[in-house]
Amino acid sequence: MSEATEPRPVVTLGTKTARDALAARGLVLGSHPPGTALATIADLIRETANNVDEVQQRLLQRADMAISQLQSVTLGRDRYRHGSTDGLLQSLGTEIDTLVARRGGGVQLVRLLATSYADLSGAPKPPSAPSPPPSPRRGGR
């Protein structure tokens, strides 16, 4: 199997998502007086982004493990050839699925929190994308 030419996925996906979502509204996550709504949302953004970063790191580690185990099959060095027939990936596949779902939910939450932070900050809303023209009706009367 050849080396991938694509760049590695971003390990700090949560942090990057928060930064990008805020930058789209011309903001950076700032410090605010404790107890204010902006301080609370800023803390939630940081905490959620850090959680997404941790999940992303674990996901990449598990994916690398799965790739390594599957490469042993393509090279004919898997456990089956040595008499063991237990599951190749065992619980690794389920764990990867769970981490993917957690990552997706976390990214959505980061974006929602960033939007709330921007709205509360009074940042201008980004221009909306133009609506696509309606599709022609087929066989309409």
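Look up a bit, the structure's there.
Reading the values: the criteria
- Residues numbered from 1 in each chain as written.
- Predicted model: local features only at pLDDT ≥ 70, side-chain atom pairs only at ≥ 80, totals over all residues.
- Heavy atoms only, no water.
- Axes fitted to C-alpha atoms, helices over the stretch in contact; angles between N-to-C directions.
- Helix = DSSP H or I, 4+ residues; strand = E, 2+ residues; numbered from the N terminus.
- Parallel < 35°, antiparallel > 145°, perpendicular 65-115°, else oblique.
- Left-handed = near helix turned anticlockwise from the far one by under 90°.
- Contact = heavy atoms within 4.5 Å.
- Nonpolar A, V, L, I, M, F, W, Y, C, P; charged D, E, K, R; others polar.
- Polar contact = N/O pair within 3.5 Å; in protein donor to acceptor, adjacent residues only side chain to side chain.
- Buried < 20%, exposed > 50% of the residue type's maximum accessible area, 1.4 Å probe, protein only.
- Arc of directions from axis to C-beta.
- Expected span 1.5 Å × (residues − 1).
- Core = buried A, V, L, I, M, F, W, Y, C linked by side-chain atoms within 4.5 Å.

Digging into the packing of helix 1 (residues 13-23) against helix 3 (residues 92-121)
Packed helices, taken two at a time, are described by their axes: the angle between them and the distance between them.
And step 1. In contact at an axis separation of 9 Å, helix 1 and helix 3 are set at 30° when each is read in the N-to-C sense. With respect to helix 3, the element helix 1 is oriented roughly parallel. Note on packing geometry: the crossing formed by helix 1 with helix 3 is right-handed. Taken together, the residues of helix 3 that come into contact with helix 1 (itself represented by Leu 13, Gly 14, Thr 17, Ala 18, Ala 21 and Leu 22) are Arg 103, Val 107, Val 110, Arg 111, Ala 114 and Tyr 117.
And step 2. Looking at side-chain class alone, the contact of helix 1 with helix 3 contains eight nonpolar, two polar and two charged residues.

A word on the environment of Thr 74
And step 1. Inspection of the secondary structure assignment puts Thr 74 in helix 2 (residues 37-74).
And step 2. Among the polar contacts made by the side chain of Thr 74, one reaches the main-chain carbonyl oxygen of Gln 71 at a distance of 2.8 Å.

Observations regarding helix 1
And step 1. Along helix 1, the residues that are buried comprise Gly 14, Thr 17, Ala 18 and Leu 22. Considered in projection along helix 1, the buried side chains sweep an arc of 120° and stay on one side of the axis.
And step 2. Buried positions along helix 1 lie against helix 2 and helix 3.

Considerations on the environment of Pro 126
And step 1. Tracing the chain through its elements places Pro 126 in the segment after helix 3.
And step 2. In this structure the C-alpha to C-alpha distance between Pro 126 and Gly 26, which are 100 residues apart in sequence, comes to 9.1 Å.
And step 3. With near-sequence residues (within four places) excluded, Pro 126 lies in contact with Ala 24 and Arg 25.

Overview of the environment of Leu 38
And step 1. Relative to the assigned elements, Leu 38 resides in helix 2.
And step 2. Separated by 82 residues in sequence, Leu 38 and Leu 120 place their C-alpha atoms 7.0 Å apart.
And step 3. Other than its neighbours up to four places away in sequence, Leu 38 contacts His 32, Tyr 117, Leu 120 and Ser 121.

Considering helix 2
And step 1. With 38 residues, helix 2 extends 54 Å between its outermost C-alpha atoms, agreeing within 8% with the 56 Å of an ideal straight helix rising 1.5 Å per residue.
And step 2. Of the residues trailing helix 2, Gly 76 is marked for its positive phi of about 75°.

Remarks on the nonpolar core
And step 1. Counting 15 residues, the largest nonpolar core has Ala 18, Leu 22, Leu 27, Ile 45, Val 110 and Tyr 117 as its most contacted members.
And step 2. At the level of secondary structure, the elements contributing two or more residues to this core comprise helix 1, helix 2 and helix 3.
And step 3. It is helix 3 that contributes the most residues to this core, six residues altogether.

Description of the side chain of Arg 62
And step 1. Within the fold, Arg 62 resides in helix 2.
And step 2. In terms of polar contacts, Arg 62 uses its side chain to reach the side chain of Glu 95, at 3.0 Å.
And step 3. Beyond its immediate chain neighbours, meaning those up to four positions away, Arg 62 contacts Leu 92, Glu 95, Ile 96 and Leu 99.

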